[in-house]
Amino acid sequence: MEHLSEAAHLRAGIIRLNRRLRHERGEGSLSPNQLTVLGHLHRNGPSTPGEIAAAERQRPQSLTRVFAELEGDGLIVREASTADRRQSVLSLTEQGRRALKRDMAERDAWLAGAFASLSETERGVLALAGALMERLAEAP
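About the cut-offs
- Residues numbered from 1 in each chain as written.
- Predicted model: local features only at pLDDT ≥ 70, side-chain atom pairs only at ≥ 80, totals over all residues.
- Heavy atoms only, no water.
- Helix = DSSP H or I, 4+ residues; strand = E, 2+ residues; numbered from the N terminus.
- Buried < 20%, exposed > 50% of the residue type's maximum accessible area, 1.4 Å probe, protein only.
- Contact = heavy atoms within 4.5 Å.
- Patch = residues over 30% accessible without salt bridge, like charges linked within 9 Å, V, L, I, M, F, W, Y side chains within 5 Å.
- Areas by Shrake-Rupley, 256 points an atom, 1.4 Å probe, with all protein chains shown as cover.
- Salt bridge = Lys/Arg side-chain N within 4 Å of Asp/Glu carboxyl O.
- Core = buried A, V, L, I, M, F, W, Y, C linked by side-chain atoms within 4.5 Å.
- Pairing = 2+ DSSP bridges.

Below, the discussion takes up the overall build of the protein. Along the protein, the regular secondary structure elements total 6 helices and 2 strands. Start at the N end of the protein and walk to the C end: the helices and strands fall as α-α-α-α-β-β-α-α. Its C-alpha atoms put the protein at 55 × 40 × 20 Å along the principal axes. By the burial criterion, 24% of the 140 residues in the protein qualify as buried.

Pasting the structure below:
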């Protein structure tokens, strides 16, 4: 299979960096699934639980407890859909937006500090790589 070695090398680097970024989160931070839901709502706006689960490649039942926790903490609100009253729509609250930004800021601060050890060219390559990884994440 073409590009298998490159793909394995990239995957290993992404996994290690992801572990490090998770480690850089402070005490009492949001869980990975909570971040997933809040991030989805931040990027895509109000969504049904099914839409969130499908977009994040999870089963809706897997996220039921996460939705309830976030709602209980005031980070999201649940309202009846105007299109189908049997379905609910989840929205990010201002408190949820602040919690998401605070969590991201902790990891961004560590990453910005780590960038100091890189050359300007290396930082440029990483900026390009970030955009390319976003595209890869959307690939079928």
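Don't stop here, the text continues.
With that out of the way, let us pick up the environment of Gln58. Looking at where Gln58 falls in the secondary structure, it is placed in the loop between α3 (49-55) and α4 (60-72). In this structure Gln58 comes out as partly exposed when scored by relative accessible area, which is 26%. C-alpha of Gln58 to C-alpha of Gly39: the two residues are 19 residues apart in sequence and 15 Å apart in space. In contact with Gln58, other than residues within four places in its own chain, are Asn33, Thr36, Ala53 and Leu63.

Judged by side-chain polarity, Leu10, Ile14, Met133 and Leu136 come together as a nonpolar surface patch covering roughly 340 Å² of accessible area. Within the residue set of the nonpolar patch, elements represented by two or more residues are α1 (4-23) and α6 (120-137). Positionally, Met133 belongs in helix α6. Owing to a relative accessible area of 32%, Met133 belongs among the partly exposed residues under this scheme.

Turning to the nonpolar core, a few remarks are in order. In this structure, Val37, Leu38, Leu41, Ile52, Leu63 and Leu70 are the most contacted members of the largest nonpolar core, which totals 17 residues. Counting only elements with at least two residues in this core, the list comes to α2 (32-44), α3, α4, β2 (88-92) and α5 (94-115). For Leu41, the contacting residues outside a window of four places in its chain are Pro46, Ser47, Ile52, Ile76, Leu90, Ser91 and Leu92.

With that out of the way, let us pick up the pairing of β2. In terms of burial, β2 is a largely internal element, 5 of the 5 residues being buried. Burial of β2 is two-sided: the residues Ser88, Leu90 and Leu92 facing one way and the residues Val89 and Ser91 facing the other way are all buried. Direction of pairing for strand β1 (residues 76-80) relative to β2: antiparallel, over a ladder of 5 bridges. Across the sheet, the residue bridging to Glu79 is Val89, located in β2.

Where side chains of opposite charge bring their charged atoms close, a pairing between them can arise. In this structure the tally under the stated criterion is 6 salt bridges. Across the salt bridge formed by Arg65 and Glu69, the nearest N and O atoms sit 2.6 Å from each other. Residue Arg65 and its partner Glu69 are both found in helix α4; the two are separated by 4 residues, about one turn of the helix. Residue classification places Glu69 among the partly exposed residues on the basis of a relative accessible area of 28%. Among the ionic pairs, Asp103 bridges to Arg107, the shortest N-O distance being 2.7 Å. Residue Asp103 and its partner Arg107 are both found in helix α5; the two are separated by 4 residues, about one turn of the helix.

In most cases, non-glycine residues show a negative phi, while peptide bonds are predominantly trans. For His3, which is not a glycine, the phi torsion comes out positive at approximately 70°. Topologically, His3 is positioned in the segment before α1. Phi is positive for Arg57, close to 55°, though the residue is something other than glycine.

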